[in-house]
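In case you want the letters, here they are:
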Amino acid sequence: MTSEAKGMNPWRRSLADYTDRRVLLILPLGFASGIPLLLTFSTLSAWFATAGVSRAAIGAFALVGTPYAFKFLWSPLIDRLPPPIPLGRRRGWGIAIQLALVAATLALGSCQPKFDLALMGALALLVAFLSASQDVVIDAYRVEILTPEQQGPGAAMIQTGYRIAMLVSGAGALIVAARYGWFAAYATMAALLGVGMLVFILGPEPTTPPEAEPHTATGGWDALRDWLATAVTGPFADFMRRPMWPAIVLFIVGYKLGEAMAGVMAMPLYISLGFSLNEIAAVSKLVGFVATVVGALVGGVVTSKLGVMRALILCGALQSAGNLFYVLQAVGGHRLDYLALCVAAENLTGAMAGTALVAYLSGLCSPAFTATQYALLSSLAAVGRTMVASSGGVLADKLGWVPFFILTTVATIPALVLLIWIARRDAGPLLGSRNTTFV
């Protein structure tokens, strides 16, 4: 940090972090990370629907997203094996994966659903696998290239770029497809992946600690056992050597629990109140997008200024309080102004908490195992969403809308209490004094 930056007001210094060259590099990487997701999800479903593919087949294609949940299984390979392109551990793997992702996206876009449905299933699974692998590299690159003070703004940038990309690969791809066809839409998205590739080509390579040097095979079972011990079991053993690691895992799983419970039932609530799909879509795309971007950026500033622990608690409390707007919606009924307020509150507070959580997870990673540990921790963060996806409807039916959403408001409180306990017991900061000290 420059002497000029040190002399700034703390809030101004937090905002100034966003102008740092390395922080700015994360925005296009977040964009590249977000482009492929909808190409194998809602955009692909829209293509199938217009081509007359059955609903059962369209629903089955949701399974192609499985690699995102299991990316930690092959992340040790990315952490330890030499990259196919010799440009450094992160840049070499990043460019190689992105080249393959561009080719797979083009191949998927060149198919015809009526004749190539099985092939499209295989290609969509390949796109999802390469996209998840790209996320492993991008997350590791972001964590390693930024200083501890920049992790908050970096988390905001990755989320902002991701959200912009989802708008482009969703609504943007549909606009291109309506005018020029589906291949043009997928080719355009493949070309936009080059934005992230330029960062890896022109950006710096993070410093590799000696213990994280890529493994070079020497042959034999002893070499295989040595590789498994360092690349596969090493990251997990390293994490479990942390004080209070079981409490940290429980906190990560529970932090987004209330938001996930509410999010699962948000659409059924809106529809039950008589909102049309066009009304929901218009408000969600405009208000929701703006609120998410603003929330991510504000969350980064708050994390940079207050430190990760304080930001997690503040943003987590706001995230829980944001669910009370669903109660307002349920009581108020079919009112567009309430819908806009509800969507804004949900996305603003959720993005703030998400940014703080990403910064926290980033700081938990050891330099020797960044890719593997971040992939594992981010998978744990998604466990809460997975666990409640099937139970939200049952609870809402039994309790009713108002009691259900009040329950989602308090559901995160145990995780926040656990976080306060962790912070008070943590005499040795996890992420550096500025970022973790709570008291």
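The structure presented is a predicted model; accordingly, all values stated were derived computationally and were not measured. Counting restarts for each chain, with residues numbered from 1 along the sequence as it is written. Whole-chain, interface and lining totals are the exception, using all residues; otherwise, since this is a predicted model, local features are given only for residues with pLDDT of at least 70 and side-chain atom pairs are given and counted only at 80 or more. As a convention, hydrogens and water are excluded, and side-chain values are obtained from all of the structure's heavy atoms.

Draft legend 1. Region of the structure containing the overall build of the chain. Starting at the N terminus, helices and strands are each numbered in turn, a helix being any DSSP run of H or I of at least four residues and a strand any DSSP run of E of at least two. Each helix and strand in the chain was counted, giving 23 helices and 0 strands. Relative to its 439 residues, the chain shows a buried fraction of 53%. Two residues form a contact once any of their heavy atoms are found within 4.5 Å. Counting contacts in the chain only where the partners sit at least 6 residues apart, residues at least 24 apart contribute 82% of the total. Using a 1.4 Å probe, the Shrake-Rupley method yields the accessible areas, and only the shown protein chains count as cover for residues. Surface exposure of the chain reaches about 18,600 Å², of which carbon and sulfur atoms provide 70%. Here's how the labels work: a residue is buried when its accessible area is under 20% of the maximum for its type, exposed when over 50%, partly exposed in between, all with a 1.4 Å probe on protein chains only.

Draft legend 2. Structural view of unusual backbone geometry. A positive phi angle is found at M244, which is not glycine, with a value near 65 degrees. Its location among the elements puts M244 in the loop between helix 12 (220–240) and helix 13 (245–255). Of the residues examined, M244 reaches a relative accessible area of 18% and is grouped as buried.

Draft legend 3. Spatial organisation of the pattern of salt bridges. The term salt bridge refers to a side-chain nitrogen of Lys or Arg lying within 4 Å of a carboxyl oxygen of Asp or Glu. Within the structure shown, the criterion is met by 8 salt bridges. Among the ionic pairs, D139 bridges to R142, the shortest N-O distance being 3.4 Å. Of this pair, D139 and R142 both sit in helix 8 (residues 117–145), 3 residues apart, roughly one helical turn. Accessibility classification places D139 together with R142 in one group, the buried group. The salt bridge involving R335 is made with D337; its shortest N-O contact spans 2.7 Å. Relative accessible area serves as the criterion here: at 36%, R335 is assigned to the partly exposed category. Its relative accessible area of 42% is what places D337 among the partly exposed residues. Through salt bridges with shared partners, a single network forms among D79, R89, R90 and E144.

Draft legend 4. Focus on the nonpolar core. The set of buried Ala, Val, Leu, Ile, Met, Phe, Trp, Tyr and Cys residues whose side-chain atoms join them within 4.5 Å is what this entry labels a nonpolar core. If you look at the biggest cluster of nonpolar residues, it comprises 63 residues, and the most contacted ones within it are L44 and Y186. Here this core takes 13 residues from helix 8, the largest share from any one element. Other than its neighbours up to four places away in sequence, L44 contacts L38, L39, F61, M120, A124 and Y186. With 37 residues, the next largest nonpolar core counts F239, L361, L416 and L419 among its residues.

Draft legend 5. A look at the environment of F404. You can see F404 is positioned in helix 21 (residues 401–410). Placed 142 residues apart in sequence, F404 and A262 show a C-alpha to C-alpha distance of 8.4 Å.

Draft legend 6. Seen up close, a nonpolar patch on the surface. Side chains of L286, V290, V294, V298 and L348 sit close together on the surface and give an oily, nonpolar patch of about 380 Å² of accessible area. Tracing the backbone shows V294 in helix 15 (residues 277–306). By relative accessible area, V294 is classed as partly exposed at 39%. In this analysis, a patch consists of residues with relative accessible area above 30% that form no salt bridge, clustered at 9 Å for like charges and at 5 Å for the nonpolar side chains Val, Leu, Ile, Met, Phe, Trp and Tyr.

Keep in mind these values describe shape, not function.
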